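Residue-level structural notes
Chain residues, written in single-letter form:
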Amino acid sequence: MDVTSKVLLGLDAAQFRRGIQQVDAKLKETSKLFQNLGGIIGASFAVSQIQAFTSEAIQLGSQMQTVGKGFARFGSEMDLENLRKSTRGLVTDLELMKAVVTAGNFGIPIEKMGTLLEFAKRRAQETGQSVDYLVQSIVTGIGRKSPLILDNLGISTTRLKEKFHGAALEAQSIADVAQAVGDIATEELGKMGTAVDTAADKMVRLSTTWSNFKASFGEAIAPAAS
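Presented here is a report on the structure given in the accompanying data block.

How each quantity is defined
Residues numbered from 1 in each chain as written. Predicted model: local features only at pLDDT ≥ 70, side-chain atom pairs only at ≥ 80, totals over all residues. Heavy atoms only, no water. Helix = DSSP H or I, 4+ residues; strand = E, 2+ residues; numbered from the N terminus. Buried < 20%, exposed > 50% of the residue type's maximum accessible area, 1.4 Å probe, protein only. Contact = heavy atoms within 4.5 Å. Areas by Shrake-Rupley, 256 points an atom, 1.4 Å probe, with all protein chains shown as cover. Salt bridge = Lys/Arg side-chain N within 4 Å of Asp/Glu carboxyl O. Core = buried A, V, L, I, M, F, W, Y, C linked by side-chain atoms within 4.5 Å. Phe/Tyr/Trp six-rings, centres within 6.5 Å; stacked < 30°, edge-to-face > 60°. Polar contact = N/O pair within 3.5 Å; in protein donor to acceptor, adjacent residues only side chain to side chain. Expected span 1.5 Å × (residues − 1). Arc of directions from axis to C-beta.

What follows covers the overall build of the protein chain. Tallying secondary structure elements over the protein chain gives twelve helices and zero strands in all. Beginning at the N terminus, the succession of helices and strands in the protein chain can be written as α-α-α-α-α-α-α-α-α-α-α-α. Looking at the protein chain as a whole, 44% of its 226 residues are labelled buried. Nonlocal contacts in the protein chain, meaning residues at least 24 apart in sequence, comprise 69% of its contacts between residues at least 6 apart. Only carbon and sulfur atoms are counted for the fraction: they give 53% of the accessible area of the protein chain, which is about 11,400 Å².

As structure tokens, then:
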């Protein structure tokens with residue numbers, strides 16, 4: 001590795017490997033997907049690949065730090081862990097925290113988020129739509145009290161009106177809309193039965209864990225790189 005590469009990275013190859021191993025050790029507390037990852041990547045990555053990986057990781061890590069501060073206003077690490085379980089590892093930590101921050105800013109109680117996100121994940125599995133898209137839809141739909149957006153999840157205007165005895169959704173409070181959508185989500189989850197872990201889910205979960213790894217790695221090496 002030449003001097004220019006070291007300056008661009010802010011760390012040498014040995015530091016890169018140590019950084020990966022440190023973050024990998026942390027992630028292994030919740031995942032066995034990346035055993036010996038530090039040694040594999042550190043040994044096989046070329047300088048240009050290390051630079052690209054590091055740059056992307058630092059950007060993700062920066063977002064995690066920024067969004068994490070917002071998340072701390074509404075939830076805890078335990079809340080985040082519960083949301084990981086609700087979405088069965090199919091949504092990155094960054095996207096989960098973004099959803100909580102958006103929901104919190106709308107006034108949606110975090111206690112409702114587990115059911116709402118589990119429903120969005122199951123609906124995505126049924127319809128083949130993006131999990132991230134339906135997670136955003138359910139949060140934004142409640143926050144804006146928008147039947148049109150909630151329709152993305154198969155929640156009809158008629159069904160919502162039934163929850164409010166015919167009254168318009170726009171006239172309800174955010175908390176009441178969240179309660180109504182949460183009740184519908186619970187009813188639908190009961191109809192869906194036990195979740196099936198498909199091959200596609202396993203691939204998405206692998207991608208999610210990899211994204212979480214990169215973000216954590218970026219946070220860990222940011223001081224050295226800067």
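Right, let's talk about the pattern of salt bridges for a bit. Going through the model one piece at a time under the given rule, you end up with 13 salt bridges. Notably, a salt bridge pairs K98 with E95, separated by 3.6 Å at the nearest N-O pair. A residue pair is termed a helical-turn pair when its members lie 3 or 4 positions apart in one helix, as K98 and E95 do in helix α6 (residues 93-106) at three residues. The network of salt bridges with shared partners includes R123, E126, R159, K163, E187, E188 and K191.

I108, M113, I138, I142, L150 and V181 are the most contacted members of the largest nonpolar core, which totals 44 residues. Elements represented by at least two residues in this core include exactly α4 (47-71), α5 (77-86), α6, α7 (113-127), α8 (131-143) and α11 (174-192). Per-element tally for this core: the top contributor is α11, with nine residues. Not counting residues within four places of it along the chain, the set of residues in contact with L150 comprises S137, I138, G141, I142, I155, L160, L169 and V181.

Let's shift gears to the packing of aromatic side chains. In this description, an aromatic ring pair is defined by two values, namely the gap between the centres and the angle between the planes. Tallied over the entire structure, the rule returns two aromatic pairs. Members of the aromatic cluster, joined through ring pairs, are W210, F213 and F217.

Right, let's get into the side chain of N212. Examined against the element boundaries, N212 turns out to sit in helix α12 (residues 199-225). In terms of polar contacts, N212 uses its side chain to reach the backbone amide nitrogen of D93, at 2.9 Å.

Attention now moves to α11. Because an α-helix completes one turn every 3.6 residues, residues spaced three or four positions apart along the sequence face the same direction. Taking 1.5 Å per residue, 19 residues should reach 27 Å; α11 reaches 26 Å between its end C-alpha atoms and fits that length. Within α11, burial applies to I174, V177, A178, A180, V181, G182, I184, A185, E188, L189 and M192. The secondary structure elements touched by the buried residues of α11 are α6, α7, α8, α9 (147-150) and α10 (157-163). One or two positions beyond α11, positive phi appears at G193, with a value near 75 degrees.

What follows is about α5. Those residues of α5 that fall on the buried side of the exposure criterion are L80, L83 and S86. Buried residues of α5, viewed axially, fall in a sector of 115 degrees; they line one side. Opposite the packed face of α5, turned more than 90 degrees from it, sit the exposed residues E77, M78 and K85. Phi turns positive, to about 55 degrees, at R88, one or two residues after α5.

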